Structures are given as structure tokens and as C-alpha cells.
Amino acid sequence: MTTIGILGLQGAVREHVQAVEQCGAQAVVVKSVEQLTGLDGLILPGGESTAMRRLLDKYEMIEPLKEFAAKGKPLFGTCAGLILLAKEIDGSDQVHLGLMDIAVERNSFGRQRDSFEAEIAIAGVADSMNAVFIRAPHITEAGENVEILAKYDGRIVAAREGYLLGCSFHPELTDDYRFTQYFLDMVNAAKEDFSQEKVAIDTS
Ligand code: GLN
């Protein structure tokens with residue numbers, strides 16, 4: 001069984017648990033470093049990135065999360081979670097996990113569109129999918145190894161770099177779980193890579 005952690009310090013946690021379970025995997029709400037053990041992948045939910053950062057510092061989770069990613073375990077950042085993953089935040093010298101080679105702008109869709117829904121196409125996932133944006137960031141720059149998966153209004157709203165996946169919107173807030181399933185497929189591919197590496201080491 002594939003086990004996915006959902007960082008449960010703040011934000012839209014319960015909806016991600018449901019989305020993961022609907023895709024047939026086991027979901028664990030993660031509130032401490034110890035709970036990272038045994039996970040195959042981790043979702044960083046939406047909420048408020050500055051509040052999440054304070055809690056990540058309080059529970060000393062920044063370094064362990066970087067180590068988790070360094071082991072080749074996939075991470076999926078949604079909305080505030082995308083901001084946590086980014087190597088750069090426009091207009092700020094603060095970086096949180098700094099794992100994904102992207103720059104993001106926070107709250108970038110303007111006040112009058114604090115919250116909205118839109119139909120978007122996501123490469124490899126859906127020709128048309130309803131996406132919920134809530135005070136959403138967007139990706140302003142992406143490094144050469146970053147694959148752009150979706151744009152809305154000319155702005156990048158979903159991307160992937162190796163085993164890191166991020167989006168501006170909240171895929172867990174509709175009952176269309178195709179993007180969560182895409183992450184689970186990534187996690188299963190990573191598991192496969194991992195076990196092949198182990199075999200290679202064992203037989204050498
Ligand atoms: N605006 C929030 C931030 O900057 C993100 C909003 C969200 O996650 N829905 O962290």
C-alpha cells in the first residue's frame with residue numbers, strides 16, 4: 001500500500017486526506033518529524049505560507065523535509081505548499097524549503113479575484129479541469145529542468161521538476177482527483193526507482 005503524508009500543521013489538510021484515500025492510497029496527517037518515517041510521498045497543503053513556516057520552525061521540520069526530498073521521495077505543494085517548495089519568492093529574501101527551481105509571486109491574481117474557479121488544461125493529466133484558486137501564487141520563473149504543466153491567464157500555475165510537483169490551485173477542493181492521482185503515479189514510480197536501486201546495491 002502506498003502511504004502519503006499530508007503536512008498537518010495548518011491549512012486544507014482534511015480535504016487532501018480524502019483525495020488521497022479516494023485514489024486508493026493511505027493518508028497520514030503529519031505533525032512531527034518522526035511521522036515522516038515510512039511515508040512514500042508528502043503533500044504540503046494550501047493555507048498561509050508564513051504561518052506554516054513559523055510552525056515548521058517550531059517543530060524543527062525544515063531540515064528533515066529537505067532530507068526527505070533528498071532521498072528521492074516525492075513532494076506535492078499546493079498553493080501555500082508551492083510557496084514552501086520554491087527556491088525564490090518575489091519581493092522577499094525569505095526562502096522556506098527552497099527545493100524547486102522556480103520563483104513564485106504570492107497573492108498574484110489581485111484583490112478582486114481573491115478567489116475564483118477556472119477551467120484549465122494540465123499536460124498529461126486533463127484537457128479540461130476545474131481549478132479552485134484562493135489568494136493563489138503563480139510561478140514567475142522556472143529553471144530548465146522544470147516542466148510546465150499548466151498556465152492560466154498566461155501565468156504558470158502547475159509545474160514539475162523530477163519528483164517535485166507544485167500548483168497554484170487547490171486540487172483537493174473539487175471531487176476531480178486526477179491531479180492527486182498524477183502525484184500518486186509519481187510516488188509509485190519513485191518507489192519503483194528506489195527498489196531497483198536497492199536491488200542494484202544488494203547484488204553488487
Ligand atoms: N496566499 C497564501 C500564501 O501566501 C496562499 C493561499 C493558499 O494557500 N490558498 O501563503
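Residues numbered from 1 in each chain as written. Predicted model: local features only at pLDDT ≥ 70, side-chain atom pairs only at ≥ 80, totals over all residues.

Trainee: It is not clear to me how the site of the ligand should be interpreted in this structure. Could you clarify?
Mentor: Taken together, G46, G47, E48, S49, C79, A80, I83, R106, N107, I134 and R135 make up all the residues around the ligand. Here the shell around the ligand is composed, by residue class, of four nonpolar, four polar and three charged. (Near = placed C-beta within 6 Å. Nonpolar A, V, L, I, M, F, W, Y, C, P; charged D, E, K, R; others polar.)

Trainee: Just to check I follow, could you spell out helix α2 (residues 49–58) for this structure?
Mentor: Helical geometry note: an α-helix holds 3.6 residues per turn, so side chains three or four residues apart project in the same direction. Residues of α2 that are buried include every one of S49, M52, R53 and L56, and no others. For α2, the arc enclosing every buried residue in end-on projection is 100 degrees, short of the 170-degree limit, so these residues lie on one face. As for α2, its buried residues are in contact with α3 (62–70) and α4 (80–85). (Buried ≥ 20, exposed ≤ 12 C-beta atoms within 10 Å, placed from the backbone. Helix = DSSP H or I, 4+ residues; strand = E, 2+ residues; numbered from the N terminus. Arc of directions from axis to C-beta. Contact = placed C-beta atoms within 7 Å.)

Trainee: Please clarify how the confidence of the model for the protein chain should be interpreted in this entry.
Mentor: Residues shown with low pLDDT carry predicted positions that ought not to be read at fine detail. For the protein chain, the average pLDDT comes to 95, and 96% of its residues sit at 70 or higher. Confidence metrics for the complex model read pTM 0.95 and ipTM 0.96. (pLDDT = per-residue confidence, 0-100.)

Trainee: Hey, could you run me through the environment of T37 in this one?
Mentor: Among the structural elements, T37 can be located in the loop between β2 (26–30) and β3 (41–44). Judged by the 9 C-beta atoms lying within 10 Å of it, T37 is exposed. Residues T37 and Q181, 144 residues apart in the sequence, show an inter-C-alpha distance of 22 Å.

Trainee: Would you take a moment to explain the nonpolar core for this structure?
Mentor: Within soluble globular proteins, side chains that are nonpolar tend to cluster in buried spots. I4, I6, L42, L44, L85, A86 and V157 are the most contacted members of the largest nonpolar core, which has 59 residues in total. If sequence neighbours within four positions are ignored, L42 has contacts with I4, G5, L7, V30, F68, K73 and L75. (Core = buried A, V, L, I, M, F, W, Y, C linked by C-beta atoms within 7 Å.)

Trainee: Explanation requested: the environment of I122 in the structure shown.
Mentor: With respect to the helices and strands, I122 occurs in strand β7 (residues 115–122). Judged by C-beta crowding, with 21 C-beta atoms within 10 Å, I122 ranks as buried. Sequence separation between I122 and A150 is 28 residues, and the spatial gap between their C-alpha atoms is 4.8 Å.

Trainee: Explain the UniProt feature "binding site: L-glutamine" (unreviewed entry) in the protein chain here, please?
Mentor: Look at the UniProt record and you will see "binding site: L-glutamine" (unreviewed entry) annotated at G47, E48, S49, R106, I134 and R135. Despite a sequence span of 89 residues, these residues sit close together in the fold, their greatest C-alpha distance being 12.8 Å. Apart from the residues lying within four places of it in its own chain, the contact partners of G47 are Q10, G11, A12, M52 and A80. Filtering out sequence-adjacent residues up to four positions away, R106 remains in contact with I83, I89 and P137. (UniProt positions renumbered as here; feature names shortened; annotations may be inferred.)

Trainee: Help me understand the pairing of strand β6 (residues 100–105), please; the structure alone is not making it clear to me.
Mentor: The side chains of a regular strand alternate between both faces of the sheet. As paired strands, strand β5 (residues 86–89) and β6 are joined by three bridges and run parallel to one another. Bridge assignment links I89 to a residue of β6, and that residue is V104. Where β6 and strand β9 (residues 138–142) come together, four bridges link them in antiparallel fashion. Opposite A103, over in β9, you have E141 as the bridge partner. (Pairing = 2+ DSSP bridges.)

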